[in-house]
Amino acid sequence: AQSVAQPEDQVNVAEGNPLTVKCTYSVSGNPYLFWYVQYPNRGLQFLLKYITGDNLVKGSYGFEAEFNKSQTSFHLKKPSALVSDSALYFCAVNPSTGRRALTFGSGTRLQVQP
Amino acid sequence: DAEITQSPRHKITETGRQVTLACHQTWNHNNMFWYRQDLGHGLRLIHYSYGVQDTNKGEVSDGYSVSRSNTEDLPLTLESAASSQTSVYFCASSEDSLNTEAFFGQGTRLTVV
């Protein structure tokens, strides 16, 4: 069975500084990896995904994520954080075969201070 | 624009009552999912469906049921509500391929008293 770990419950960063939100995964076979963002009282919004190819994936709002197969990681990054990036971020995985339902991590709250 | 809508947005019910949460999508997606969100657990899969008349159990399916009579709707029923089912419930849909993202509804906050 697949699993996702987000080791940090909260990440604090100053506006303008780079940010990283960590994610590691466990899945049989090749993974399809996703990042979602949740703003207060809202549903989840898709940010980006890794399917195959280039290990650096670019997504919405200036976010990017780096896939590292040897470390089974898919960390979310942004070069310069904005206060408006403050939200709850979820990493998710689908295996390349089998059940077509995402498995999510526990989420990381990003707090960007002005 | 295509969308996925959940109703009601908020619900308070009593222990032991049957409750049904609605989910309706206009994406024409075959795949639909129900998750619950609890602090410290992220989103956990309750039930999912790959198409009409198809339903499958997820990791936390006890006490819940779903039915899929058409492509657009996947209602979630709590047979006999329990306090442990107080949560925020999210419905989602996606295309058939494993590598496509899911689209989520706004959520239903359910309180069982």
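Residues numbered from 1 in each chain as written. Chains lettered and ligands numbered in written order. Predicted model: local features only at pLDDT ≥ 70, side-chain atom pairs only at ≥ 80, totals over all residues. Heavy atoms only, no water.

Draft legend 1. Region of the structure containing the overall build of chain B. A count of helical and extended segments in chain B gives 0 helices and 11 strands. Ordered by position in the sequence, the α and β elements of chain B form the string β-β-β-β-β-β-β-β-β-β-β. Over its C-alpha trace chain B gives a radius of gyration of 13 Å, about what one expects of a compact globule, namely 13 Å for 113 residues. Here the C-alpha coordinates of chain B stretch approximately 40 × 30 × 25 Å along the principal axes. Split into buried and exposed, the 113 residues of chain B put 48% on the buried side. (Helix = DSSP H or I, 4+ residues; strand = E, 2+ residues; numbered from the N terminus. Rg over C-alpha atoms; globule rule 2.2 N^0.38 Å. Buried < 20%, exposed > 50% of the residue type's maximum accessible area, 1.4 Å probe, protein only.)

Draft legend 2. Broad picture of the overall build of chain A. Looking only at helices and strands, chain A has 0 helices and 12 strands in total. For chain A, the sequential pattern of α-helices and β-strands runs β-β-β-β-β-β-β-β-β-β-β-β. A compact globule built from 114 residues should have a C-alpha radius of gyration of about 13 Å, and chain A, at 14 Å, falls within 12% of that. Based on the C-alpha atoms only, the size of chain A along its principal axes is roughly 45 × 30 × 20 Å. The buried share of chain A, reckoned over its 114 residues, is 48%. Put simply, chain A shows about 5,200 Å² of open surface, and 47% of that area lies on carbon and sulfur atoms. With 10 positive and 7 negative side-chain charges, chain A shows a spacing of 10 Å between the two charge centroids. (Areas by Shrake-Rupley, 256 points an atom, 1.4 Å probe, with all protein chains shown as cover. Lys, Arg positive; Asp, Glu negative; His and termini not counted. Charge placed at Lys NZ, Arg CZ, Asp CG, Glu CD.)

Draft legend 3. Here's a closer look at the interface of chain A and chain B. Contacts between chain A and chain B engage 25 residues on the former and 25 residues on the latter. Summed over the shared surface of chain A and chain B, the result is 1 salt bridge. Close ionic contact of Glu101(B) with Lys49(A) constitutes a salt bridge, the shortest N to O distance being 2.9 Å. Applying the counting rule to chain A against chain B returns 5 residue pairs in polar contact (both at pLDDT 80 or more). Of all elements in the fold, only strand S5 (31–38), strand S6 (44–50) and strand S10 (87–95) of chain A reach the threshold of two or more residues within the side of chain A that touches chain B. Per-class residue counts for the side of chain A that touches chain B are 12 nonpolar, 9 polar and 4 charged. (Contact = heavy atoms within 4.5 Å. Salt bridge = Lys/Arg side-chain N within 4 Å of Asp/Glu carboxyl O. Polar contact = N/O pair within 3.5 Å; in protein donor to acceptor, adjacent residues only side chain to side chain. Nonpolar A, V, L, I, M, F, W, Y, C, P; charged D, E, K, R; others polar.)

Draft legend 4. Quick look at the pairing of S6(A). Residue and element names in this part refer to chain A. Where S5 meets S6, 6 bridges bridge the pair, whose relative direction is antiparallel. Residue pairing for S6: Tyr 36 is matched across the bridge by Phe 46. With antiparallel pairing between neighbouring strands as the criterion, S5 and S6 make up a hairpin whose turn holds 5 residues, including Asn 41 at a positive phi of roughly 60°. (Pairing = 2+ DSSP bridges.)

Draft legend 5. Molecular detail of the state of the cysteines. All names here are of chain A. Tallied over the full model, the rule gives 2 disulfides over all chains. A sulfur-sulfur separation of 2.0 Å characterises the disulfide bridge that pairs Cys 23 with Cys 91. Judged by the sign of its S-S torsion, about -65°, the bond between Cys 23 and Cys 91 is left-handed. Separated by 68 residues along the polypeptide, Cys 23 in the loop between strand S3 (19–21) and strand S4 (24–26) and Cys 91 in strand S10 bring together distant segments of the chain. (Disulfide = S-S within 2.5 Å.)

Draft legend 6. Quick look at the nonpolar core. Formed by 27 residues in total, the largest nonpolar core has its most connected members in Trp35(A), Leu47(A), Leu48(A), Phe74(A), Leu76(A) and Tyr89(A). Those elements that provide at least two residues to this core are strand S2 (10–14), S3, S5, S6, strand S8 (64–68), strand S9 (73–78), S10 and strand S12 (108–113) of chain A. It is S10(A) that provides the largest number of residues to this core, a total of 4 residues. Not counting the four nearest positions on each side in its chain, Tyr89(A) is found in contact with Gln6(A), Trp35(A), Tyr36(A), Val37(A), Leu47(A), Phe63(A), Leu76(A), Gly107(A), Thr108(A) and Leu110(A). Among the nonpolar cores identified, the runner-up in size contains 21 residues, and Tyr32(A), Phe34(A), Phe90(A) and Leu43(B) belong to it. (Core = buried A, V, L, I, M, F, W, Y, C linked by side-chain atoms within 4.5 Å.)

Interpretation note: all reported values are geometric properties and have no functional meaning in isolation.
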